[in-house]
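# What the coordinates show
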Amino acid sequence: MFYDKEKNPLDAQLICTTHNPNLIEKGIRRDQVWLIDKNHKGQSSMYRLSDKKVRPNENYSQKYLQGLFGAIPEFEEIK
């Protein structure tokens, strides 16, 4: 609907945020996915998935969980 010029003549944008990497799937353009990484001092930086070397047909969520894009969450070990 947002790509349809008739329904969205003013080019409105929709911004969503999630912690669920499974939502980064095919059908989403690489320039539409922004990642946030935090350094050891707690400073955040944002970058687009299109800034990384990734092909449009790759599984983005799988590569994200492998740590290939940075911004990966720290998983706690279950004891």
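Predicted model only: the values in this text are computed from it and were never measured.

The next subject is the overall build of the chain. When you go through the chain residue by residue, the secondary structure sums to one helix and two strands. Ordered by position from N to C terminus, the α and β elements of the chain give β-β-α. Relative to all contacts within the chain whose residues are 6 or more apart in sequence, the contacts with residues 24 or more apart total 35%.

What follows concerns the pairing of strand S2 (residues 44-48). Here strand S1 (residues 34-38) runs beside S2; their pairing, made up of five bridges, is antiparallel. Following the sheet pairing, Leu35 is matched in S2 by Tyr47. The loop that links S1 with its antiparallel partner S2 comprises five residues; one of these, Gly42, has a positive phi angle of about 90°.

The geometry of an aromatic ring pair is captured by the separation of the ring centres together with the interplanar angle, meaning the angle of the planes. Evaluated as defined, the whole model comprises zero aromatic pairs. When the ring centre of Tyr47 is taken as origin, the NZ or CZ atom of Lys52, which lies over that ring, is 4.8 Å away.

Counting residues in each nonpolar core, the largest one holds 10 residues, listed as Ile24, Val33, Leu35, Tyr47, Leu49, Val54, Tyr60, Tyr64, Phe69 and Ala71. If we ignore the near neighbours within four places in the chain, the residues touching Ile24 are Val33, Leu49, Tyr60 and Ser61.

Time to look at the pattern of salt bridges. Going through the model one piece at a time under the given rule, you end up with four salt bridges. We note a salt bridge from Arg48 to Asp51, for which the minimum N-O separation is 3.4 Å. Given a relative accessible area of 32%, Arg48 falls into the partly exposed group. Classification of Asp51 by relative accessible area gives partly exposed; the value is 47%.

The rules behind the values
Residues numbered from 1 in each chain as written. Predicted model: local features only at pLDDT ≥ 70, side-chain atom pairs only at ≥ 80, totals over all residues. Heavy atoms only, no water. Helix = DSSP H or I, 4+ residues; strand = E, 2+ residues; numbered from the N terminus. Contact = heavy atoms within 4.5 Å. Pairing = 2+ DSSP bridges. Phe/Tyr/Trp six-rings, centres within 6.5 Å; stacked < 30°, edge-to-face > 60°. Lys NZ or Arg CZ within 6 Å of the ring centre and 35° of its normal. Core = buried A, V, L, I, M, F, W, Y, C linked by side-chain atoms within 4.5 Å. Buried < 20%, exposed > 50% of the residue type's maximum accessible area, 1.4 Å probe, protein only. Salt bridge = Lys/Arg side-chain N within 4 Å of Asp/Glu carboxyl O.

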